[in-house]
Amino acid sequence: MKLVTYDAGDGVKRAGALVEGGTRVIDLLAASGGDARVASVLAIAEGGPDALAAAQDAEQRGAANHGHARTAVTLLAPIQPPPQMRDALCFETHLKQAFANARKLRAQAFDDPEAALKDMEAKGILSIPQTFYDQPIYYKANRFSVIGTEQDVLWPHYSNFMDFELEFGCYIGKPGKDIRKEDARSHIFGYTIFNDMTARDAQTAEMGGQLGPAKGKDFDTANPMGPCLVTADEMTDPYNLTMICRVNGEEWGRGNSSTMHWKFEDVIAHVSASETLHSGEFIGSGTVGNGCGLEQMRFLNPGDVIELEVEGIGILRNRLVRP
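Residues numbered from 1 in each chain as written. Predicted model: local features only at pLDDT ≥ 70, side-chain atom pairs only at ≥ 80, totals over all residues. Heavy atoms only, no water.

A.B. asks: An account of helix 4 (residues 113-123) is needed here, citing residue identities and associated values.
C.D. replies: Within helix 4, burial applies to Ala-116, Leu-117 and Met-120. Down the axis of helix 4, the smallest arc covering the buried residues is 100°, so these residues share one side. The exposed set on the far side of helix 4, more than 90 degrees from its buried face, consists of Glu-114, Lys-118 and Ala-122. Those residues of helix 4 that are buried are in contact with helix 3 (92-107). The positive-phi residue at the C-terminal boundary of helix 4 is Gly-124, with phi of around 75°. (Buried < 20%, exposed > 50% of the residue type's maximum accessible area, 1.4 Å probe, protein only. Helix = DSSP H or I, 4+ residues; strand = E, 2+ residues; numbered from the N terminus. Arc of directions from axis to C-beta. Contact = heavy atoms within 4.5 Å.)

Shown next as structure tokens:
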């Protein structure tokens, strides 16, 4: 199934199924006759196989009488907000290219950029840490900054260099603790696209503090997700997906999920060590290689429209606006 959370114009969040090539949305609660198991996408994730079966039945029964045209509703993030968000670093190519250009960006703040760049390279500043190769690395993102497709990202007033990041990610279905890597796939409920919007100047300034991203990624509307949640039973191979990013219709880069150094199973096993993962929690993949402007030293302008496409999921589209 392709599950969505949508607003039909009355401010109420409803669970829906995206059907007919993404042109219609089925109201699952109405189609089910009020079955609480399908009252929200989170409820379906929490309810396990029985709830998913109920949602599939409601999708089939509601096609005739309980649908909306996709253009008549607003798609929110599949779960908005998710109970928890973690964003991992899974793609080595992105890190190599991004760190190289981050050094160039930081060097521009010095009187002698060329000398500053050489000094950073000699000292290993803004380079891939050995920790990346030793274990999965992640940070906890701001779940309250989540928005859906077609919604505007608001440019933070303290930044002059805005960028996008092409990611996808998984939602936890079955809760668990101390999950073994070989069992982790059974805990994945589904997948969506994630745009980890980033204020690059704020990010590069704060990274020296060694506490992870802060205002570089923490601002309202910074976490677009969607357009839907593709349930795991429909995603036969999440590690062979073409990923494409476009700005104003121009392709800026593409990659493939097959290049993940760490897979979601690795991250789930690592995160769940002595810690319970709950239904609906989201884990991002990190940026695919060639999946952001920084890797090409290109940055966004107010009014730009960012489109992130992941094979089998769809297109996440958002406009960046300066308030």
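Let us keep going from here.
A.B. asks: Tell me about the side chain of Lys-217, and name the residues and values.
C.D. replies: You can see Lys-217 is positioned in the loop between helix 6 (200-206) and strand 14 (223-231). Taking the relative accessible area as the measure of exposure, Lys-217 reaches 8% and is therefore buried. At a separation of 3.2 Å, a polar atom in the side chain of Lys-217 contacts the side chain of Glu-165. Within the local environment of Lys-217, its side chain forms a polar contact with the side chain of Thr-198, the two groups lying 2.7 Å apart. Leaving out residues up to four positions away in the same chain, Lys-217 has contacts with Tyr-139, Glu-165, Asp-196, Met-197, Thr-198, Gln-203 and Ala-222. (Polar contact = N/O pair within 3.5 Å; in protein donor to acceptor, adjacent residues only side chain to side chain.)

A.B. asks: Explain the side chain of Thr-149 residue by residue, including any values.
C.D. replies: By the secondary structure assignment, Thr-149 is in the loop between strand 8 (146-147) and strand 9 (153-154). Of the residues examined, Thr-149 reaches a relative accessible area of 3% and is grouped as buried. A polar atom in the side chain of Thr-149 sits 3.0 Å from the backbone nitrogen of Arg-317.

A.B. asks: Can you lay out the packing of helix 3 against helix 4 for me, pointing to particular residues and giving the numbers?
C.D. replies: With their axes 8 Å apart at the nearest point, helix 3 and helix 4 run at an angle of 140° to one another. What the angle tells us is that helix 3 and helix 4 run oblique. Crossing hand, helix 3 versus helix 4: right-handed. Residues Arg-103, Lys-104, Arg-106 and Ala-107 of helix 3 pack against Pro-113, Ala-116, Leu-117, Met-120 and Glu-121 of helix 4. Per-class residue counts for the contact of helix 3 with helix 4 are five nonpolar, no polar and four charged. (Axes fitted to C-alpha atoms, helices over the stretch in contact; angles between N-to-C directions. Parallel < 35°, antiparallel > 145°, perpendicular 65-115°, else oblique. Left-handed = near helix turned anticlockwise from the far one by under 90°. Nonpolar A, V, L, I, M, F, W, Y, C, P; charged D, E, K, R; others polar.)

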